[in-house]
Amino acid sequence: MYGDKKMERRKLIVANWKMNHTVAESLKFFAALRHVIPTDPYPEVVIAPPFTALYAVEEALKGSSFKLGAQNTHWEDSGAFTGEIAPLFLKDLNVDYVILGHSERRQYFNESNEEVNNKLKAVLKYKMTPIVCVGETDEERSAGKTDAVIEAQVKEAVGGQLKTNVTDTVWAYEPRWAIGTGKSASPSQAEEVISEIRMLLEEVFDKSVAGQMRILYGGSVSDKNAKSFVSQKNIDGLLVGGASLEAEHFAKIIRSVE
Ligand code: PGA
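So, a few notes on the structure that sits alongside this text. Computed from a prediction, not measured in an experiment: that's the story for all the values here.

Digging into the overall build of the protein
Part 1 of the reasoning: Along the protein, the regular secondary structure elements total 11 helices and eight strands.
Part 2 of the reasoning: In terms of overall dimensions, the protein is globule-like: its C-alpha atoms have a radius of gyration of 17 Å, near the 18 Å expected for 258 residues.
Part 3 of the reasoning: C-alpha atoms of the protein, sized along the principal axes, occupy 45 × 45 × 35 Å.
Part 4 of the reasoning: Burial analysis of the protein (258 residues in total) assigns 52% to the buried set.
Part 5 of the reasoning: Considering only residue pairs separated by 6 or more positions, the protein has 73% of its internal contacts joining residues 24 or more positions apart.
Part 6 of the reasoning: Roughly 11500 Å² of accessible area belongs to the protein as shown, and the carbon and sulfur atoms make up 51% of that amount.
Part 7 of the reasoning: A gap of 4 Å separates the mean positions of the 31 positive and 36 negative side-chain charges of the protein.

Next up, the structure:
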């Protein structure tokens, strides 16, 4: 376990809407959220809508402390990559955070650690904040391979020459068996892996960098369990899927972290 006293890291809550919400639904969500939470909350809150709603949500977030997130990016600046979105396009829409290596991308779109590495470099280059997702499958956990899988995901994600603002990188531990299943990890299970991730980051960078990086938990987070995760020493916030789609529920999660 990572033994140091918890350093001051601002809590971060990220709504990952996945492939949900049209432009109209996105705007309705944000209006409803603002109704329940009219003043800026203490935790940093990021809304990651589908690409098609980024512009509209960006306009809606103006004047608030809520931040805009994207769910993926390509790593090249431009070119013949039909259907892809360049990091510059995200920067152009004032995107602050970019989720990378989500397990659904790894699973359904064969995204590799090498691609995550390319994307991480591109996001840092454009001075946006990457949120790198790592996590083991059920089979890997049963076979005692959790540590090895996470180690490869973390080390390969940060391989090569990284830009200097790497300290901003956010990590998200999302065990695959907990995503969208209603079966979350226990807070102590999550803390155990997350403290391992912090030790790995200390190995790769140094103690100071590892101590400043925020590491989130994700996987069946709800208003019922949110607080139990963020009260763990090394857990700095939450990546929320299903429970972020509905404003009232998401607001309860934000409140429980405050
Ligand atoms: P979930 O998804 O909260 O619906 O389990 C989390 C995620 O995939 O980021």
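Structure shown, so let's carry the discussion forward.
What about helix α2 (residues 54-61)?
Part 1 of the reasoning: Three or more residues of α2 are buried, namely Leu54, Ala56, Val57, Glu58 and Leu61.
Part 2 of the reasoning: In this fold, the buried residues of α2 make contact with α1 (23-36), β2 (44-48), β3 (67-70) and α3 (87-92).
Part 3 of the reasoning: Directly after α2, the chain includes Gly63, whose backbone phi takes a positive value near 85°.

A look at the site of the ligand
Part 1 of the reasoning: Of all residues adjacent to the ligand, which total 13 residues, the nearest are Lys18, His102, Glu174, Gly180 and Ser220.
Part 2 of the reasoning: A distance of 2.6 Å is found between an oxygen atom of the ligand and a side-chain nitrogen or oxygen belonging to His102.
Part 3 of the reasoning: Between the ligand and the protein, one listed contact pairs an oxygen atom with a backbone N or O atom of Gly241 at 2.9 Å.
Part 4 of the reasoning: Expressed as a share of its isolated accessible area of 280 Å², the protein-covered part of the ligand is 96%.
Part 5 of the reasoning: If you map the ligand onto the pockets, it falls in the second largest pocket.
Part 6 of the reasoning: Class assignment for the residues of the shell around the ligand results in four nonpolar, seven polar and two charged.

Describing unusual backbone geometry
It is generally the case that most residues other than glycine have a negative phi and that most peptide bonds are trans.
Part 1 of the reasoning: Of note in the backbone geometry, Lys18 takes a positive phi value of approximately 55° without being a glycine.
Part 2 of the reasoning: Tracing the backbone through its elements, the reader meets Lys18 in the loop between β1 (12-16) and α1.
Part 3 of the reasoning: Non-glycine residue Asn110 carries a positive phi angle of around 50°.
Part 4 of the reasoning: Structurally, Asn110 can be placed in the loop between α4 (103-108) and α5 (113-125).

A short note on the pairing of β1
Regular strands place side chains that alternate from one sheet face to the opposite one.
Part 1 of the reasoning: The buried count for β1 comes to five of five residues, which makes it a mostly enclosed element.
Part 2 of the reasoning: In this sheet, β2 lies alongside β1 in parallel orientation, the contact comprising five bridges. What sits directly across from Ala15, in β2, is Ile47.
Part 3 of the reasoning: As judged from the four bridges shared by β1 and strand β8 (residues 237-240), these two strands associate in the parallel manner.

So, the nonpolar core
Within soluble globular proteins, side chains that are nonpolar generally end up buried alongside one another.
Part 1 of the reasoning: Among the nonpolar cores identified, the biggest contains 65 residues, and Leu33, Ile47, Trp171, Ile197, Tyr217, Leu238 and Phe250 are the most heavily contacted of them.
Part 2 of the reasoning: If sequence neighbours within four positions are ignored, Leu33 has contacts with Ile47, Phe66, Ala247, Phe250, Ala251 and Ile254.
Part 3 of the reasoning: Among the nonpolar cores identified, the runner-up in size contains 12 residues, and Ala48, Ile99, Leu216 and Leu239 belong to it.

Some points on the layout of surface pockets
Part 1 of the reasoning: In this model, the largest pocket occupies a volume close to 470 Å³.
Part 2 of the reasoning: In terms of lining residues, the largest pocket is bounded by 20 residues, among which Lys18, Gln71, Asn72, Arg105 and Phe109 are the most central.
Part 3 of the reasoning: Tallying contributions element by element places α4 first for the lining of the largest pocket, with three residues.
Part 4 of the reasoning: Its residues placed into classes, the lining of the largest pocket shows nine nonpolar, seven polar and four charged.
Part 5 of the reasoning: The space that makes up the second largest pocket amounts to roughly 180 Å³.
Part 6 of the reasoning: Lining the second largest pocket are 17 residues, with Lys18, Gly180, Ser220, Gly241 and Gly242 sitting closest to its centre.

Notes on the pairing of β8
Part 1 of the reasoning: A two-sided burial pattern is seen for β8, the buried positions comprising Gly237 and Leu239 on one face and Leu238 and Val240 on the other.
Part 2 of the reasoning: Summarising the sheet, strand β7 (residues 214-218) and β8 pair through two bridges and their orientation is parallel. Bridge pairing links Tyr217 to Leu238 in β8.

About the cut-offs
- Residues numbered from 1 in each chain as written.
- Predicted model: local features only at pLDDT ≥ 70, side-chain atom pairs only at ≥ 80, totals over all residues.
- Heavy atoms only, no water.
- Helix = DSSP H or I, 4+ residues; strand = E, 2+ residues; numbered from the N terminus.
- Rg over C-alpha atoms; globule rule 2.2 N^0.38 Å.
- Buried < 20%, exposed > 50% of the residue type's maximum accessible area, 1.4 Å probe, protein only.
- Contact = heavy atoms within 4.5 Å.
- Areas by Shrake-Rupley, 256 points an atom, 1.4 Å probe, with all protein chains shown as cover.
- Lys, Arg positive; Asp, Glu negative; His and termini not counted.
- Charge placed at Lys NZ, Arg CZ, Asp CG, Glu CD.
- Near = heavy atom within 4 Å.
- Polar contact = N/O pair within 3.5 Å; in protein donor to acceptor, adjacent residues only side chain to side chain.
- 1 Å grid on protein atoms, 1.4 Å probe; cavity = no way out; pocket = protein on both sides within 12 Å on 5 of 7 lines; lining within 4 Å.
- Sits in = over half its atoms within 2 Å of the grid points.
- Nonpolar A, V, L, I, M, F, W, Y, C, P; charged D, E, K, R; others polar.
- Pairing = 2+ DSSP bridges.
- Core = buried A, V, L, I, M, F, W, Y, C linked by side-chain atoms within 4.5 Å.
- Points joined across faces, edges and corners; volume = space filled by probe spheres on them.

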